[in-house]
Amino acid sequence: MKREPVLRVRRLTKQIGKKKIVEGVDLDIYPGEVFGFLGPNGAGKTTTIRMLVGLTKISEGDVSICGINLKKNFEEAITHVGGIVENPEMYKFLTGYQNLVHFWRMCKKVPKSRIDEVTRLVGLEKAIHNKVKTYSLGMRQRLGLAQALLHSPSLLILDEPTNGLDPAGIREIREYLRRLAQEENLAVMVSSHLLSEMELMCDRIGVIQNGQVIEVKDMRDFVDEGATRNVVIDAQPVAEAQRVLEQLLEGGIRKEADGLLLDLERDQIPFINAHLVSEGIRVYSIRTVNRTLEDRFLEMTGGDTIG
Ligand SMILES: Nc1ncnc2c1ncn2[C@@H]1O[C@H](COP(=O)(O)OP(=O)(O)OP(=O)(O)O)[C@@H](O)[C@H]1O
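Residues numbered from 1 in each chain as written. Predicted model: local features only at pLDDT ≥ 70, side-chain atom pairs only at ≥ 80, totals over all residues.

## Re the environment of Leu-245
Argument step 1. Mapped onto the elements of the fold, Leu-245 is located in helix H9 (residues 238–249).
Argument step 2. Distance from Leu-245 to Phe-93, taken between C-alpha atoms, is 65 Å for residues 152 residues apart in sequence.
Argument step 3. Here Leu-245 is in contact with Ile-253, Leu-260 and Leu-262, once residues within four sequence places are set aside. (Helix = DSSP H or I, 4+ residues; strand = E, 2+ residues; numbered from the N terminus. Contact = placed C-beta atoms within 7 Å.)

Here it is in structure tokens:
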């Protein structure tokens, strides 16, 4: 059975003056998946997301959410979206629960029991009756998430949800988002500049550069593909090993604490090993290092900074 995407974006374009800051973006995001939207500074992530949630006008192209056209039936389409795009506004002098009641009153046809449900989903049961001013930034983010989930959306859109959080807070958000995608069968779209986070959080990833989506892939395939891999060679004497490798490979070798780091194609590895041994060098280990998303991303975007 073919799954229908919750979010379907076709040829989405934003033009400001003469400049197209987002151009021809196509995306499909499915129920139950966390989709990462990644790109260097100024690539057009926020502008794309702002168009998707109706915060800025679409210049060209089509967006449908749960099969409903966003331009033609905005009010109906947007009822399926929960989002944190700008900082969620909370009343700090009220408790988390009182804040949620306030937002619940604005939702149509949502039973009050949903407040307890979203509180559980974001793990705020213990603190929900404390005042928001006593919350950590991570707890406030989770309260924002609870608010965005109150009306049981099918699509959750989050712009940089881990911004400003400490590692523990980042980890919490990551775990809750993964759980939400599974438990609520939500489609989650998240942008972030924290590449290592995206790698742990997302099932698929789309890379945007200069306003255009240049790649959409399963996370694993994205990280694994590419002709070369990082290899660490632990060999003695190390200076001699480095000299031999440099002669053979014309550079690209870095000395690290645990050995010599270089980029090799898989087929080169046994050859390099044999060559080192034939030069009288003792090879203790050759191991390939898992390539991170950051390696791949920098390779693809030509070293643009990430934002
Ligand atoms: N209202 C505007 N008028 C003119 N240019 C704009 C406007 N809004 C955004 N831009 C430009 O469009 C480009 C894309 O901006 P956008 O904020 O979408 O990028 P981003 O990928 O979210 O970047 P960052 O990671 O830095 O937030 C940038 O070059 C930005 O300067």
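## Details of the packing of helix H3 (residues 96–106) against helix H5 (residues 137–149)
Argument step 1. As a packed pair, H3 and H5 sit with axes 10 Å apart at the nearest point and diverge in direction by 25°. Relative to H5, the element H3 is oriented roughly parallel. Relative to H5, the crossing made by H3 is right-handed. Contacts from Gly-96, Asn-99, Leu-100 and Phe-103 of H3 reach H5 at Leu-143, Ala-146 and Gln-147.
Argument step 2. When its residues are assigned to classes, the contact of H3 with H5 shows four nonpolar, three polar and no charged. (Axes fitted to C-alpha atoms, helices over the stretch in contact; angles between N-to-C directions. Parallel < 35°, antiparallel > 145°, perpendicular 65-115°, else oblique. Left-handed = near helix turned anticlockwise from the far one by under 90°. Nonpolar A, V, L, I, M, F, W, Y, C, P; charged D, E, K, R; others polar.)

## Thoughts on the sheet that holds strand E9 (residues 204–209)
Argument step 1. Across the sheet, which stays open at both edges, the six strands sit in the order E6-E7-E8-E3-E9-E10 with mixed pairing between neighbours. Every other strand in the sheet has two partners, leaving strand E6 (81–84) and strand E10 (212–218) as the edge strands with one partner each. Recorded for the sheet is a direction-independent mean angle of 15° between the axes of neighbouring strands.
Argument step 2. By the bridge criterion, six bridges tie E9 to E10 in an arrangement that is antiparallel. In the sheet register, Ile-208 faces E10, and the bridge partner there is Val-213. (Pairing = 2+ DSSP bridges.)

## Looking at H9
Argument step 1. Taking 1.5 Å per residue, 12 residues should reach 16 Å; H9 reaches 16 Å between its end C-alpha atoms and fits that length.
Argument step 2. Positive phi shows up at Glu-250, right after H9, with a value of about 60°. (Expected span 1.5 Å × (residues − 1).)

## Considerations on the domain arrangement of the protein chain
Argument step 1. Here the protein chain is described as being made up of domain 1 (7–224) and domain 2 (229–297).
Argument step 2. Computed from C-alpha coordinates alone, the two centres of domain 1 and domain 2 are separated by 42 Å. (Domains from an automatic or database assignment.)

## Considering the sheet that holds strand E2 (residues 19–29)
Argument step 1. In spatial order, the strands read E2-E1-E4-E5; together these four strands make up an open sheet with antiparallel pairing. At either end of the open sheet lies a strand with only one pairing partner, and these are E2 and strand E5 (68–69).

## Points about helix H6 (residues 167–183)
Argument step 1. The first and last C-alpha atoms of H6 sit 24 Å apart over 17 residues, in line with the 24 Å expected at 1.5 Å per residue.
Argument step 2. Listing the buried residues of H6 in full gives Ile-170, Glu-172, Ile-173, Arg-174, Tyr-176, Leu-177, Leu-180 and Ala-181.
Argument step 3. Of the residues flanking the end of H6, it is Asn-185, one or two places downstream, whose phi is positive at about 50°. (Buried ≥ 20, exposed ≤ 12 C-beta atoms within 10 Å, placed from the backbone.)

## Details of the nonpolar core
A general tendency of soluble globular proteins is for nonpolar side chains to be buried together.
Argument step 1. Ranked by internal contacts, the top residues of the largest apolar core, which has 59 residues, are Leu-7, Leu-177, Val-188 and Met-189.
Argument step 2. Once residues within four sequence positions are removed from consideration, Met-189 is found in contact with Leu-7, Ile-29, Phe-35, Phe-37 and Ile-157.
Argument step 3. Core analysis: the second largest hydrophobic core is formed by 11 residues, Ala-235, Leu-260, Leu-264 and Ile-272 among them. (Core = buried A, V, L, I, M, F, W, Y, C linked by C-beta atoms within 7 Å.)

## Considering unusual backbone geometry
Argument step 1. Of note, the bond from Gln-236 into Pro-237 is cis; its omega dihedral lies within 30 degrees of zero at -10°.
Argument step 2. Backbone geometry at Cys-66 places phi at a positive 50°, although glycine is not the residue there.
Argument step 3. Under the C-beta neighbour-count criterion, Cys-66 is labelled partly exposed, with 19 such atoms within 10 Å.
Argument step 4. Positive phi, close to 50°, is recorded for Ser-152, a residue that is not glycine.
Argument step 5. Position of Ser-152 among the secondary structure elements: in the loop between H5 and strand E7 (155–159).
Argument step 6. The class of Ser-152 is partly exposed, set by 16 C-beta atoms lying within 10 Å.

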